[in-house]
Amino acid sequence: MILPDSFIGELETVLGDDTEKYLNEFNKMPYRGISVNHLKTDPDTLLPLLPFAAEPSPFYSSGYYIPPGTEGIGALALHHAGAFYVQEPSASCAAELLDPRPGDRVLDLCAAPGGKSAQLASLLGGSGLIWSNEPIKSRARILLSNSERMGIAAGVVSSCYPEVLCPELEGCFDRVLVDAPCSGEGMFRKNNEAVSQWSREQVLSCAERQLSILKNAVLALREGGVLVYSTCTFSPEENEMTVEKLLEECPQLEPYDLEISFGRPTAYKNAVRITPMEGGEGHFAARFRKKGNAVPNDLPRGRFTPPSREQKKLIDGFLNDIFVRVPDYVPEVMGSSVFLRPSGLEGLKAPGIIRSGIYAGEIVKGRIEPAHSLFTTAEPADLRRVLHLGCSDPDAGKYLSGQEIDWGGEKGYTAVAIEGMITGFGKCSGGRLKNKYPKGLREFPE
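Every value quoted in this text rests on a predicted model; they were computed, and no experiment measured them. Residue numbers run consecutively from 1 along every chain, following the written order of its sequence. Local features are withheld for residues below a pLDDT of 70 in this predicted model, meaning they are given only at 70 or higher, and side-chain atom pairs are given and counted only at 80 or more; totals for whole chains, interfaces and linings count all residues. Neither water nor hydrogens contribute to the side-chain values; these are computed over all heavy atoms in the structure.

Visitor: Even after reading the chapter, I still don't get the overall build of the protein chain, so can you show me in this structure?
Guide: Counting secondary structure elements, the protein chain contains 14 helices and 23 strands. Computed over its C-alpha atoms, the radius of gyration of the protein chain comes to 23 Å, within 12% of the 22 Å expected for a compact globule of 446 residues. In terms of its C-alpha atoms, the protein chain occupies a principal-axis envelope of roughly 70 × 50 × 35 Å. With 446 residues in all, the protein chain has 55% of them scored as buried. Charge-centre separation for the protein chain: the mean point of 47 positive side chains lies 9 Å from the mean point of 58 negative side chains. Starting at the N terminus, helices and strands are each numbered in turn, a helix being any DSSP run of H or I of at least four residues and a strand any DSSP run of E of at least two. Restricting the calculation to C-alpha atoms gives the radius of gyration, and the globule rule supplies 2.2 Å times the number of residues raised to the power 0.38. Relative accessibility thresholds used throughout: buried, under 20% of the residue-type maximum; exposed, over 50%; partly exposed, between the two (1.4 Å probe, protein chains only). Positive: Lys, Arg. Negative: Asp, Glu. His and the chain ends are not part of the count. A single reference atom marks each charge: NZ on Lys, CZ on Arg, CG on Asp, CD on Glu.

Structure (structure tokens):
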């Protein structure tokens, strides 16, 4: 691979005598990893089920290396079940450094495709709120799909530019993550296209955009809250120099020192750089605290119109048929769509919201057709009817490819669980389970 001379000159500024070591890393396979989703499972349960060896990563408490060259990970039944997220190992450090606590409100401002949001939701343990934003609509749809797969119920997905969204959410979050769009130098070992698209002009343009995003992120953060800024690039303009400008232009921020055992130090105690020599493809992260102390502001809410008496009766009957323990969320009907909102999200009003809470289903001719996300955010013990399958069960493969399954269960909508993790649902009748797994997610055998 031929690297631009100006990039190598930049590396010499950053890595000094280690530049040659970095260049030698291009003779090796790039690192790959997964992050375990605690909303669905735990490492002790998951790791023995994987068809490959997984070794602990130093960057995240539930992150693991997977063997280079491992193929077909996205087609695994356990991946469909939301047991893990495929993620470059060093990219997982940002969520760990943000260190969300159960009950926190967390904003992931540049969230697609959703790996860091999945980590943050996992660390929150289903409590608090994870608000995942992605300005580009096509990427936001991927973000939403991944949020559903990972079983995130107490969440919001939006598609809005930070300069529009953050003023509406001023002081609303305990923690904010900005994993900013960057020049992608940390992708060079695994993506030739990233090399061909790189230029000094791109680096400077990214740095300008990153500072703008960060200044808006500060606005959304409460006093006393924590901000983490991360990139997958080595550029000083996009990393250290952006940190310097942020502190100059936002005096309400202060560095928040890191206590970590991974990566290489930078000139600042609140920042870390990771290169292939430290076991990751390339990442930079810095942590800040907003001065003062205050509880988060209330989320902006408009008028909430509860379901009519007739709609409430329909929704209650629908939910009681599916659940043994109905989710303790507030139902809301928008058009023909039924949603279940966590407390505090009723009537939520902010730009670009695609989804808040759980999309439960559609009212069709006096009944409700359930949505995929109603099941993926549920626990098996809370559901009346569950078909349990193992990840190597032939019926698991049939289900994921959209086929009907022979099953003599009770008539009605039935969750399908793979290794105890709800993956989707079907409708049982006459000894058969009619498949309701979304067509866009199905695995078609070759």
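That covers the picture; the talk isn't over yet.
Visitor: Mind showing me how you'd approach unusual backbone geometry here?
Guide: Of all residues except glycine, most have a negative phi; of all peptide bonds, most are trans. Here the amide bond leading from Ala 112 into Pro 113 is cis, since omega sits at 5 degrees, within 30 degrees of zero. Structurally, Pro 113 can be placed in the loop between strand 5 (105–108) and helix 6 (115–124). A positive phi is found at Asp 99, a non-glycine position, where the angle reads about 55 degrees. Since its relative accessible area comes to 29%, Asp 99 is described here as partly exposed. You will see that Glu 419, though not glycine, has its phi angle at about 55 degrees, which is positive. Residue position: Glu 419 is located in the loop between strand 21 (412–418) and strand 22 (421–429).

Visitor: Quick question: what am I supposed to make of the sheet that holds strand 18 (residues 367–370) here?
Guide: Hydrogen bonds between backbone atoms are what pair the strands of a sheet, whose relative direction is either parallel or antiparallel. Taken in spatial order, the four strands line up as 14-15-17-18 in an open sheet, and their pairing is antiparallel. One side of each edge strand has no neighbouring strand; the edge strands of this open sheet are strand 14 (330–334) and strand 18. Across the sheet, the mean angle from the axis of one strand to that of its neighbour is 35 degrees, orientation sign disregarded. For this analysis, residues touch if any pair of their heavy atoms sits within 4.5 Å. Here an axis means a line fitted to C-alpha atoms, over the contact stretch when the element is a helix, while the angle between two N-to-C directions is reported on a 0 to 180 degree scale. On top of the sheet, helix 12 (residues 309–322) reaches strand 14, strand 15 (337–341), strand 17 (358–364) and strand 18; it is set at about 45 degrees to strand 18, its chief contact. At least two DSSP bridges between two strands are required for those strands to pair.

Visitor: I'm lost on the sheet that holds strand 3 (residues 63–66) in this one. Help?
Guide: One open sheet holds the four strands; their spatial order is 2-3-1-4, and the pairing between them is antiparallel. Single-partner strands in this sheet number two, and they are strand 2 (55–56) and strand 4 (84–86). Here strand 2 runs beside strand 3; their pairing, made up of two bridges, is antiparallel. Note on strand 3: the bridge partner recorded for Glu 55 is Tyr 65.

Visitor: Explain the nonpolar core to me, please; I cannot follow it from the model alone.
Guide: What tends to happen in soluble globular proteins is that the nonpolar side chains get buried as a cluster. Residues belong to one nonpolar core when they are buried, are Ala, Val, Leu, Ile, Met, Phe, Trp, Tyr or Cys, and are joined through side-chain atoms within 4.5 Å. Core analysis: the largest hydrophobic core is formed by 36 residues, its most contacted members being Leu 109, Trp 131, Phe 173, Val 178, Leu 227, Leu 246 and Leu 299. Secondary-structure elements contributing two or more residues to this core are strand 6 (129–133), helix 8 (162–168), strand 8 (173–179), helix 10 (200–220), strand 9 (221–231), helix 11 (240–249) and strand 13 (283–290). In terms of residue count, helix 10 provides more of this core than any other element does, six residues in total. The contacts of Val 178, once residues within four sequence positions are left out, are Leu 109, Cys 110, Ile 213, Leu 214, Ala 217, Leu 227, Val 228, Tyr 229 and Ser 230. With 26 residues, the next largest nonpolar core counts Ile 73, Leu 78, Leu 400 and Val 416 among its residues.

Visitor: Got a minute to help me understand the packing of helix 10 against helix 11 in this structure?
Guide: Packed helices, taken two at a time, are described by their axes: the angle between them and the distance between them. Relative to each other, helix 10 and helix 11 sit at 40 degrees, their axes nearing to 10 Å. Taken together, the axes of helix 10 and helix 11 are oblique relative to one another. For helix 10 against helix 11, the interelement crossing comes out right-handed. Every residue of helix 11 that contacts helix 10 at Ala 207, Gln 210, Leu 211, Leu 214, Lys 215 and Val 218 is listed here: Thr 242, Lys 245, Leu 246 and Glu 249. Convention used here: angles under 35 degrees read as roughly parallel, angles over 145 as roughly antiparallel, angles from 65 to 115 as roughly perpendicular, and any remaining angle as oblique. Crossings are assigned a handedness: left-handed for a near helix turned anticlockwise from the far helix by less than a right angle, right-handed for a clockwise turn.

Visitor: Can you help me understand the side chain of Glu 332 in this one?
Guide: Following the sequence through the fold, Glu 332 ends up in strand 14. Residue Glu 332 is classed as buried on the basis of its relative accessible area of 8%. When sequence neighbours within four positions are dropped, the list of residues in contact with Glu 332 reads Phe 304, Pro 307, Ser 337, Val 338, Phe 339, Arg 341, Glu 346 and Gly 347.

Visitor: I keep staring at the side chain of Thr 70 and nothing clicks. Help me out?
Guide: Take Thr 70: it is sitting in the loop between strand 3 and helix 4 (77–80). Residue classification places Thr 70 among the buried positions, given a relative accessible area of 14%.

Visitor: Sorry if this is basic, but what is going on with the pattern of salt bridges here?
Guide: Where side chains of opposite charge bring their charged atoms close, a pairing between them can arise. Should a side-chain nitrogen of Lys or Arg be within 4 Å of a carboxyl oxygen of Asp or Glu, the pair is scored as a salt bridge. For the coordinates displayed, the defined rule picks out 26 salt bridges. Among the ionic pairs, Arg 200 bridges to Glu 10, the shortest N-O distance being 3.2 Å. You can see Arg 200 sitting in helix 10 and its partner Glu 10 sitting in helix 1 (residues 5–15), a full 190 residues away along the chain. With a relative accessible area of 27%, Arg 200 lands in the partly exposed category. Judged by relative accessible area, which is 6%, Glu 10 ranks as buried. With a shortest N-O distance of 3.3 Å, Arg 432 and Glu 404 are connected by a salt bridge. With Arg 432 in strand 23 (residues 432–435) and Glu 404 in the loop between helix 14 (394–400) and strand 20 (405–406), the pair connects residues that are 28 residues apart, well separated along the chain.

Visitor: Looking at this structure, I do not really get helix 1. What am I missing?
Guide: Inspection of helix 1 places Phe 7, Glu 10, Leu 11 and Leu 15 among the buried residues, and these make up the whole buried set. One face of helix 1 carries all of its buried residues, which in axial projection span an arc of 115 degrees. Among the exposed residues of helix 1, those oriented more than 90 degrees off its buried face are Asp 5 and Thr 13. Where helix 1 is buried, its residues touch helix 2 (19–24), helix 10 and strand 11 (264–265). In the segment just after helix 1, Gly 16 is the residue with positive phi, at about 55 degrees. This arc corresponds to the set of directions leading from the helix axis out to the C-beta atoms.

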